[in-house]
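# Fold and contact review
Residue strings, one per chain:
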Amino acid sequence: MVNITRSSDLSLVGATGGGWVSPVGTPALASPTDQPMAPWTPLGAISDDGLTYGFDEDSQEFTPWGLTSPFRTQITKSVRTFGLTVWETGRVAVQSLQYRLDEADLEPDEDGITKFAETASPVPDRRAFWFLVVDGESFKGFYVPQGEINDRSDVSFKQDEISGYEWTITTYPDEAGNTVYHVDKIPATPAYSGS
């Protein structure tokens, strides 16, 4: 009889988590158990759809004459994205990202009124992001040194639905050529003994 090896503590359920944003150049946290502090700013409540870590890759296959399967493949595109819906649309950091504005542009006046305009010619708005997924004592941290919201979904205002900003954040390489840094605290995989 073959023994099937399984370990439930090595699986991960995205039970909870969070997201933070900061200017490009802000270093990663040393541990996923560390509390992000300024200049990191929280994104607040995220919808129960959680966080999606996306992979978009293309490759070119090379099949030599006389063969029917490739003997080499070259990756021609490799993009990482993060998808989430933020619910605290009144949070300054969230509005700043949604409308590509500096947080200072969203300061209310003496009457508590905030005024801003959306430009017809937006410019790139790269920022650093920190995402955390928590399942009990397991933590997965994702540090994006340079990311930008490249897709925003429509925003609904309805009586039976909370408004949210649904974003897809594309990652870009830093000076070292890396797009995402992983900082995890997960249980060790036990040595395999044949069972």
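A few points on the structure. All figures in this text were calculated on a predicted structure; none of them were measured in a lab. (Residues numbered from 1 in each chain as written. Predicted model: local features only at pLDDT ≥ 70, side-chain atom pairs only at ≥ 80, totals over all residues. Heavy atoms only, no water.)

## Things to note about the overall build of the chain
Put simply, the rule reads: Note on conventions: DSSP H or I runs of at least 4 residues are helices, E runs of at least 2 residues are strands, and numbering of each starts at the N terminus. The size measure is the radius of gyration over C-alpha atoms, and the globule rule it meets is 2.2 Å times the number of residues to the 0.38 power. Summary of the burial criterion: residues with accessible area below 20% of their type's maximum are buried, those above 50% are exposed, and those between are partly exposed, where the area comes from a 1.4 Å probe applied to protein chains only. The criterion used for residue contact is that any of the two residues' heavy atoms lie within 4.5 Å. To measure how exposed things are, a 1.4 Å probe is used in the Shrake-Rupley method; for residues, cover is taken only from the protein chains shown.
Of the regular secondary structure elements, the chain holds one helix and eight strands. Put simply, the chain runs from its N terminus to its C terminus through helices and strands in the order β-β-β-β-α-β-β-β-β. Over its C-alpha atoms the chain spans a radius of gyration of 21 Å, topping by over 25% the 16 Å that the globule rule assigns to 195 residues. For the C-alpha atoms alone, the extent of the chain along its principal axes is close to 75 × 50 × 40 Å. Within the chain, the fraction of its 195 residues that count as buried is 30%. When contacts within the chain are restricted to residue pairs at least 6 apart in sequence, long-range pairs at least 24 apart make up 63% of them. For the chain, the computed accessible surface area is about 12,700 Å², with 50% contributed by carbon and sulfur atoms.

## Quick word on the side chain of Asp125
Looking at the secondary structure, you find Asp125 in the loop between α1 (92–99) and β5 (127–135). Setting aside residues up to four positions removed in sequence, Asp125 forms contacts with Ser96, Leu97, Arg100, Gly147 and Glu148.

## Observations concerning the pairing of strand β7 (residues 165–171)
For clarity, the threshold we go by: When DSSP finds two or more bridges between two strands, those strands count as paired.
Summarising burial for β7: five of the seven residues are buried, a large majority. As defined by bridge partners, strand β4 (residues 72–86) adjoins β7 across six bridges and the pair is classed as antiparallel. Counterpart to Gly83 in the pairing with β7 is Thr168.

## A closer look at the packing of aromatic side chains
Two measures describe an aromatic ring pair: the distance that separates the ring centres and the angle between the ring planes. In plain terms, the rule: Pairing of aromatic rings covers Phe, Tyr and Trp, the last counted by its six-membered ring, and requires centre-to-centre distances within 6.5 Å; plane angles under 30 degrees mean stacked, over 60 mean edge-to-face, and any other angle means tilted.
A complete count under the given rule lists eleven aromatic pairs for this structure. Considering the side-chain rings of Tyr53 and Phe55, the 4.7 Å spacing of their centres and the 55 degrees angle between planes classify their relative orientation as tilted. Here Tyr53 falls in the partly exposed class, since its relative accessible area comes to 24%. According to the relative accessible area criterion, Phe55 is exposed, its value standing at 55%. Between Phe129 and Phe131, the aromatic rings sit 5.9 Å apart at their centres with planes inclined by 5 degrees, giving stacked as the arrangement. An identical accessibility class is assigned to Phe129 and Phe131; each is buried.

## A look at α1
Extensive coverage of α1 is indicated by the burial of six of its eight residues. Buried positions along α1 lie against β1 (16–22), β2 (41–42), β4, β5, β6 (138–152) and β7. In the stretch just after α1, Arg100 is the one whose phi turns positive, near 55 degrees.

## Considering the pattern of salt bridges
For clarity, the cut-off: Salt bridge, as used here: a side-chain nitrogen of Lys or Arg that lies within 4 Å of a carboxyl oxygen of Asp or Glu.
The tally for this structure, following the rule as stated, stands at seven salt bridges. Residue Lys158 is joined to Asp160 by a salt bridge in which the shortest nitrogen-to-oxygen separation is 3.8 Å. Its relative accessible area of 46% is what places Lys158 among the partly exposed residues. When its relative accessible area of 65% is taken as the criterion, Asp160 is described as exposed.

## Examining a negative patch on the surface
The condition is simple: Residues enter a patch when their relative accessible area is above 30% and they make no salt bridge; the linking distance is 9 Å between like charges and 5 Å between nonpolar side chains (Val, Leu, Ile, Met, Phe, Trp, Tyr). Counted as positive: Lys and Arg. Counted as negative: Asp and Glu. His and the chain ends are not counted at all. Here the site of a charge means NZ on Lys, CZ on Arg, CG on Asp, or CD on Glu.
On the surface, Asp48, Asp49, Asp151 and Glu166 cluster together into a negatively charged patch. In this fold, Glu166 is placed in strand β7.

## Re the side chain of Gln95
Definition in use: Within 3.5 Å is the distance limit for a polar contact, defined as a pair of N or O atoms, with the added protein rule that one can donate a hydrogen and the other accept it, and that residues adjacent in sequence qualify only through two side-chain atoms.
Residue position: Gln95 is located in helix α1. A relative accessible area of 16% means that Gln95 is categorised as buried. Reaching out from Gln95, the side chain makes a polar contact with the backbone oxygen of Gly90 at a distance of 2.9 Å. Beyond its immediate stretch of four places on either side in the chain, Gln95 contacts Thr89, Gly90, Leu106 and Phe116.

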